[in-house]
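# Commentary on secondary and tertiary structure
Read off the chains here:
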Amino acid sequence: LSLHDALPIYAFDAEFLPHVEKILLILAERTKSNLTEMGDLAMAALNSPKGCVFLAMIDYSLRVAKLCGKDEDPRWFAPIRSDFDKRLNRMIEPSLEFSMILGGHLSYLYYLDKKWTIENINRIFPNDNDVHWKAAFAGYLILSRNVYKELYFLLREHGHDAKAIDTTFANRQATGNLVRHISIGYVEEWEDLGDKTSLIYKMVEYGGVDHLSEIVLFFWRLREKLTDKIKSKVKPIWGALIGRLSQSKTNPECQRVISNLSTWLSLVDRIDNQLLEYLKVSAPYIQKTDEYFFIEYLLRHVSIEPAKISEIYLEMVNAGVYPDIKQENVEEIVGTLYDEGQREAADRICNLYGEKGIDFLRKVFEKHREDDLSRLKHA
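Read on for an overview of the structure. Since the model is a prediction, treat every value here as computed from it, not as a measurement.

With that settled, the discussion passes to the overall build of the chain. A count of helices and strands for the chain gives 22 helices and zero strands. What you see for the chain is a C-alpha radius of gyration of 28 Å, clearly larger than the 21 Å of a compact globule of 379 residues, by over 25%. In the chain, buried positions account for 52% of the 379 residues. Within the chain, contacts between residues at least 6 apart in sequence are counted, and of these 74% link residues at least 24 apart.

Take a look at the structure:
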């Protein structure tokens, strides 16, 4: 791990650092905690007096390490490290701020002293103290900007990510970042979806609906920066999600995620027969929040795979789903179905819209009817 951009913007002269160290150690001893609830603990800890002291102690240690040019582990000087080591006993340091700052700045601690961090990982995240474990791991999830392979494997080895899957965090961002971390692990091939002991398998099979929803969102956000590696991961996890969600189709929350999965059409170049079945599962549950994007993605594929798009669209309308956002896109899809020989499907779509009292497809229907009559007349 590198030093990142952790150093304070306003760094004072090195000659004052010994005085700073003494002040920080006094403040750590005398500053009282004012946090009692988990809530939005991350922001509260960063803004609380005690949280600011612990954060300053880490910044100070990074500053000293840089000035001293320490390139080898440990880079952490003894006084601050000894103070933190003492406070890992939560009977001595019961503040939630300490746990939150530790977890949130794990990569900095690892940079300062890799050996200390590895040896104390289960004290930083104390499994025998759920309140402080949750505070520390929420800090890690909310405040850590990047996912580092070394830390990912360290936390996984000690079961902390697996425990997090079974934990309800007060801050939704923590859940979202947990999913992001594990999804990155899956993309980077640190996780194997076929391995029942892997984190990605556990999250898909046993995670909550929020976890599944965040998986869908994670991959959809990659649509503008797809690589072959990412593309190769989409279809397997798509099938796993469909399999899990299909068990609870009557659950409105599951229906929402099934609808969200339709947006993954933007992640594939072609619709093979397996993907066709996945999309047909989503089609009857398309919700207004996904309608705009789904229609846009259907339009991209309709001229290439008109027969499959007609099947998907019929699944929607036969289930009573009538997209009418971006009507010009719907008109173009149906018009292309006519042009590409999917007349029966296109007629059915137009008629079902009309029966529902939605008549903006009338002009498409009539245009192609007139074209047919004209062709018959000149045949």
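Right, let's get into the environment of Ile-304. Relative to the elements of secondary structure, Ile-304 occurs in the loop between helix H18 (288-302) and helix H19 (306-318). Looking at Ile-304, the relative accessible area reads 45%, which means it is partly exposed. Residues Ile-304 and Ile-271, spaced 33 residues apart in sequence, show a C-alpha to C-alpha distance of 9.5 Å.

For the rest of this paragraph, the subject is the nonpolar core. Counting residues in each nonpolar core, the largest one holds 122 residues, and the members touching the most others are Phe-84, Phe-219 and Trp-264. Not counting chain neighbours up to four residues away, the residues in contact with Phe-219 comprise Ser-183, Tyr-186, Val-187, Ile-230, Lys-233, Val-234, Ile-237, Trp-264 and Leu-267.

Moving on: the packing of aromatic side chains. Applying the stated rule across the entire model yields 24 aromatic pairs. Ring plane angle 5 degrees and centroid distance 5.1 Å describe the contact between Trp-133 and Phe-137, whose orientation is recorded as stacked. Note that Trp-133 and Phe-137 are positioned in helix H9 (residues 130-143) at a spacing of four residues, about one turn of the helix. Of the two residues, Trp-133 and Phe-137, neither departs from the other in class, the shared state being buried. In this structure an aromatic cluster arises from ring pairing among Tyr-186, Phe-218, Phe-219, Trp-238, Trp-264 and Tyr-278. Of note, Lys-233 hangs over the ring of Tyr-186, and the distance from its end group to the ring centre comes to 5.3 Å.

A few words on the packing of helix H3 (residues 49-67) against helix H4 (residues 78-87). Closest axis-to-axis distance for the H3/H4 pair is 11 Å, and the angle between their directions is 145 degrees. Of the two possible hands of crossing, H3 and H4 adopt the one that is left-handed. In this structure, H3 contributes Phe-54, Met-57, Ile-58, Tyr-60 and Ser-61 to the contact, and H4 contributes Ile-80, Asp-83, Phe-84 and Arg-87. Here the contact of H3 with H4 is composed, by residue class, of six nonpolar, one polar and two charged.

Note on placement: Lys-32 falls in the loop between helix H1 (17-30) and helix H2 (41-47). Sequence spacing of Lys-32 and Gly-51 is 19 residues, and the spatial spacing of their C-alpha atoms is 9.9 Å.

Let us look at the pattern of salt bridges. Per the counting criterion, the structure on display carries 28 salt bridges. Note that Lys-280 is salt-bridged to Glu-311, the shortest N-O span being 3.0 Å. Of this pair, Lys-280 sits in helix H17 (residues 273-282) while Glu-311 sits in helix H19; the two residues are 31 residues apart in sequence, bridging distant segments of the chain. Given the relative accessible area of 18%, Lys-280 is considered buried. Three or more residues are tied together by salt bridges with common partners; here these are Glu-29, Lys-50, Asp-83, Lys-86, Arg-87 and Glu-93.

Time to look at the side chain of Glu-291. Residue position: Glu-291 is located in helix H18. Only 3.1 Å separates the side chain of Glu-291 from the backbone nitrogen of Ile-325, close enough to count as a polar contact.

Where helix H20 (residues 327-339) meets helix H21 (residues 343-355), the closest approach of the two axes is 7 Å, and the angle between their N-to-C directions is 145 degrees. Helix-helix and strand crossings are classified by hand; for H20 and H21 the assignment is left-handed. For the pair formed by H20 and H21, the contact residues are Val-330, Val-334, Leu-337 and Tyr-338 on the first element and Arg-343, Ala-346, Asp-347, Ile-349, Cys-350 and Tyr-353 on the second. Here the residues of the contact of H20 with H21 are counted per class, giving eight nonpolar, no polar and two charged.

This paragraph deals with unusual backbone geometry. Positive phi, normally seen in glycine, also occurs at Glu-189, with a value near 70 degrees. Take Glu-189: it is sitting in the loop between helix H12 (172-187) and helix H13 (199-206).

Position of Ile-325 relative to the elements: it lies in the loop between H19 and H20. For Ile-325, a relative accessible area of 29% puts it in the partly exposed group. Sequence separation of Ile-325 and Tyr-292 is 33 residues, and the distance between their C-alpha atoms is 6.0 Å.

The next thing to look at is the side chain of Thr-336. Looking at the secondary structure, you find Thr-336 in helix H20. For Thr-336, the side chain forms a polar contact with the main-chain oxygen of Glu-332, separated by 2.7 Å. Leave out the neighbours within four places in its chain, and Thr-336 touches Val-302 and Ser-303.

About the thresholds
Residues numbered from 1 in each chain as written. Predicted model: local features only at pLDDT ≥ 70, side-chain atom pairs only at ≥ 80, totals over all residues. Heavy atoms only, no water. Helix = DSSP H or I, 4+ residues; strand = E, 2+ residues; numbered from the N terminus. Rg over C-alpha atoms; globule rule 2.2 N^0.38 Å. Buried < 20%, exposed > 50% of the residue type's maximum accessible area, 1.4 Å probe, protein only. Contact = heavy atoms within 4.5 Å. Core = buried A, V, L, I, M, F, W, Y, C linked by side-chain atoms within 4.5 Å. Phe/Tyr/Trp six-rings, centres within 6.5 Å; stacked < 30°, edge-to-face > 60°. Lys NZ or Arg CZ within 6 Å of the ring centre and 35° of its normal. Axes fitted to C-alpha atoms, helices over the stretch in contact; angles between N-to-C directions. Left-handed = near helix turned anticlockwise from the far one by under 90°. Nonpolar A, V, L, I, M, F, W, Y, C, P; charged D, E, K, R; others polar. Salt bridge = Lys/Arg side-chain N within 4 Å of Asp/Glu carboxyl O. Polar contact = N/O pair within 3.5 Å; in protein donor to acceptor, adjacent residues only side chain to side chain.

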